[in-house]
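Report on the structure
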Amino acid sequence: MLALAALGIVAPGVVALAVACAANTAANPTASPAARPPAPPRAQDAAAAGARVLTLVNRARAAPRRCGSKAIPATSPLTRNGELDAVALAYAEELVRLGRFDHRGADGSLAVDRVARSGYRARIVGENLAAGPTTADEVVAGWLASPGHCENVMEARFTQMGIAYVDKPASRYGIIWVQLFATPR
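The structure displayed is predicted, hence computed values, not measured ones. Each chain has its residues counted from 1, running along the sequence as written. Only residues with pLDDT of at least 70 get local features here, since the model is predicted, and only at 80 or more are side-chain atom pairs given and counted; chain-wide, interface and lining totals rely on the full set of residues. Think of the side-chain values as coming from all heavy atoms in the structure, minus any hydrogens and water.

A look at the confidence of the model for the protein chain
Note the threshold: pLDDT is defined as a per-residue confidence score from the predictor, taking values between 0 and 100. Contact criterion: two residues are considered in contact whenever any of their non-hydrogen atoms come within 4.5 Å of each other.
Summing up the model confidence of the protein chain, the mean pLDDT is 83 and the portion of residues at 70 or higher is 76%. Segment residues 9–38: pLDDT under 50, and 74 contacts once partners within four positions in sequence are set aside and those in other chains are kept.

Here you go:
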């Protein structure tokens, strides 16, 4: 299964940048998630995957790009932020544990709310989700091929990124990626 969802937020509670969703239901969409909490990926795998996502995202941002019908100019690179990584991991774990794939958390929160709860003071927040891709290259290629996700990747107002995934093969989606974008105040 490959599923993608993008959400951009410019201020708390205001959806403004992009909302997009696509799914390929080749896998069994009715498989039930296992009852035990998901284990985060091994640290060395997660670190390598996160570094690769950042490299690929910054490579994409370095050149003008077409996101659907929208031409977007090249922009500055993002930096990785550990707080955003932690928020992304916590949300990926929640999605896998609950067998969900949605920008709205089980508690009704959006990415901007989850980032604010972490103590990160953001001017702007965006989020990309993916379910199914097994490598950093695959997940970034999927995001860049989807107009809403691509717009989040190319959004010049973002300066920082967090990325995490949870891999639980027995779960409904197998692997879920959460990518957060933000700019601090």
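Next comes the rest of the account.
Quick look at the packing of helix α4 (residues 136–145) against helix α5 (residues 147–154)
If you want to describe how two helices pack, look at the angle between their axes and the distance between the axes. Applied cut-off: Only the contacting stretch of a helix is used when fitting its axis, a line to C-alpha atoms as for every element, and angles between N-to-C directions run 0 to 180 degrees. Only DSSP runs of H or I covering at least 4 residues are called helices, and only runs of E covering at least 2 are called strands; the numbering of each starts at the N terminus. Any angle between 65 and 115 degrees counts as roughly perpendicular, while under 35 counts as roughly parallel, over 145 as roughly antiparallel, and the rest as oblique. Under the convention adopted here, Pro, Cys and the residues Ala, Val, Leu, Ile, Met, Phe, Trp and Tyr are nonpolar, Asp, Glu, Lys and Arg are charged, and Gly plus all remaining residues are polar.
In the contact formed by α4 and α5, the axes pass within 5 Å of each other and the chain directions differ by 105 degrees. Here α5 runs roughly perpendicular to α4, going by the angle between their axes. In contact with W143, L144 and A145 of α4, α5 contributes P147, H149, C150 and V153. A class-by-class count of the residues in the contact of α4 with α5 yields six nonpolar, one polar and no charged.

Concerning the environment of I163
Mapped onto the elements, I163 comes out in strand β7 (residues 160–167). Placed 14 residues apart in sequence, I163 and W177 show a C-alpha to C-alpha distance of 7.4 Å. Sequence-distant contacts of I163, defined by excluding residues within four places in its chain, comprise G50, V53, R80, D85, A88, W143, W177, V178 and Q179.

Brief notes about α5
What counts here: Exposure is judged per residue with a 1.4 Å probe applied to protein chains only, and the accessible area is read against the type maximum: over 50% gives exposed, under 20% gives buried, and values in between give partly exposed.
Of all the eight residues making up α5, seven are buried; the element is thus mostly covered by neighbouring parts of the structure. Listed as buried for α5 are G148, H149, C150, E151, N152, V153 and M154.

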